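# Descriptive analysis of the structure
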Amino acid sequence: LIFDIATEILLREGYENLSIRKIAKAAGYSPGSLYYYFDNKAEIISMIYEENVNRISEQMMQVQLDTKNPEKTLGKILKIFINLTLETPEHYRAVFMNDIEELRGKFGMLSEDNVITNLVNLINVGIESGRFKNTDAAITSQLIWVYTNGLVSRLILEKNLSEERKEMIIDFHCETMKNLLLK
């Protein structure tokens, strides 16, 4: 409830106008009761992020690594990420489509600190198996992540797309990401 209310206020009024007091009032709680659990509004937004990351990561971790065809694994995890993110577009918009200074370091996609280890490992498996080009796995993983998040952003904003068109675009994106890596 708290995360949904915070997301709603954030999307409607912006981060600058989001406050623990507003969230508490909308939820029917006293501000003190929320401050007991959260130090500030940035912590609430951070927890929205963590909740979604955990939910999506659990599903992505269930994909078996195909060492002979790691590109198949890549396609599967990208589809899982895209489809699960599109299930809660309001949370994605709240966290990733707002420029929140307090959270930039945590959610940035291009800094050296924000390399996605599992994606780097997958790319390295592909390089070692001879399926993928010899490339900088860390930078490549970040770019794949940026491209994929760019697509997710557009799919969220462009609400007039048919499901058939969305699926076609997602499939094409996954194929393109695989083809970037294949020898």
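Residues numbered from 1 in each chain as written. Predicted model: local features only at pLDDT ≥ 70, side-chain atom pairs only at ≥ 80, totals over all residues. Heavy atoms only, no water.

A rise of 1.5 Å per residue sets the reference length of helix α8 (residues 117–128), with its 12 residues, at 16 Å; its end C-alpha atoms lie 16 Å apart and thus fit the reference within 8%. Of all the residues in α8, the buried ones are Leu119, Val120, Leu122, Ile123, Gly126 and Ile127. Burial along α8 is one-sided: seen end-on, the buried residues are contained in an arc of 160 degrees. Of the exposed residues in α8, those oriented more than 90 degrees away from the buried face are Thr117 and Glu128. Check the buried side of α8 and you find it contacts α5 (70–87), α9 (137–157) and α10 (163–181). (Helix = DSSP H or I, 4+ residues; strand = E, 2+ residues; numbered from the N terminus. Expected span 1.5 Å × (residues − 1). Buried < 20%, exposed > 50% of the residue type's maximum accessible area, 1.4 Å probe, protein only. Arc of directions from axis to C-beta. Contact = heavy atoms within 4.5 Å.)

Another aspect to go through is the nonpolar core. In summary, soluble globular proteins display a tendency toward joint burial of nonpolar side chains. Counting 28 residues, the largest nonpolar core has Leu74, Ile82, Leu119, Ile123 and Ile144 as its most contacted members. For this core, the secondary-structure elements that each account for two or more residues are α4 (41–61), α5, α8, α9 and α10. Residue contacts for leucine 119: discarding those within four places in its chain leaves Leu74, Ile77, Ser141, Ile144 and Trp145. (Core = buried A, V, L, I, M, F, W, Y, C linked by side-chain atoms within 4.5 Å.)

Looking at the protein, pLDDT values average 89 and 94% of them are 70 or higher. Highest mean pLDDT in the protein belongs to α10 (97); lowest belongs to helix α7 (residues 104–107) (68). (pLDDT = per-residue confidence, 0-100.)

On the surface, a nonpolar cluster with roughly 350 Å² of combined accessible area is contributed by Ile139, Leu143, Tyr147 and Leu180. The biggest single contributor to the nonpolar patch is α9, with 3 residues. Here leucine 180 is to be found in helix α10. A relative accessible area of 43% places leucine 180 in the partly exposed class. (Patch = residues over 30% accessible without salt bridge, like charges linked within 9 Å, V, L, I, M, F, W, Y side chains within 5 Å. Areas by Shrake-Rupley, 256 points an atom, 1.4 Å probe, with all protein chains shown as cover. Salt bridge = Lys/Arg side-chain N within 4 Å of Asp/Glu carboxyl O.)

Under the defined criterion, the tally for this structure stands at 9 salt bridges. With its nearest N and O atoms 2.4 Å apart, the salt bridge here joins lysine 79 to aspartate 171. Linking lysine 79 in helix α5 with aspartate 171 in helix α10, this pair joins segments that are 92 residues apart in sequence. Owing to a relative accessible area of 30%, lysine 79 belongs among the partly exposed residues under this scheme. Residue aspartate 171 is classed as partly exposed on the basis of its relative accessible area of 32%. Across the pair glutamate 175 and lysine 178 runs a salt bridge whose closest N-O atoms are separated by 2.7 Å. Of this pair, glutamate 175 and lysine 178 are both found in helix α10, 3 residues apart, which corresponds to roughly one turn of the helix. When salt bridges that share partners are traced, they join Glu8, Arg12, Glu13 and Lys22 into one network.

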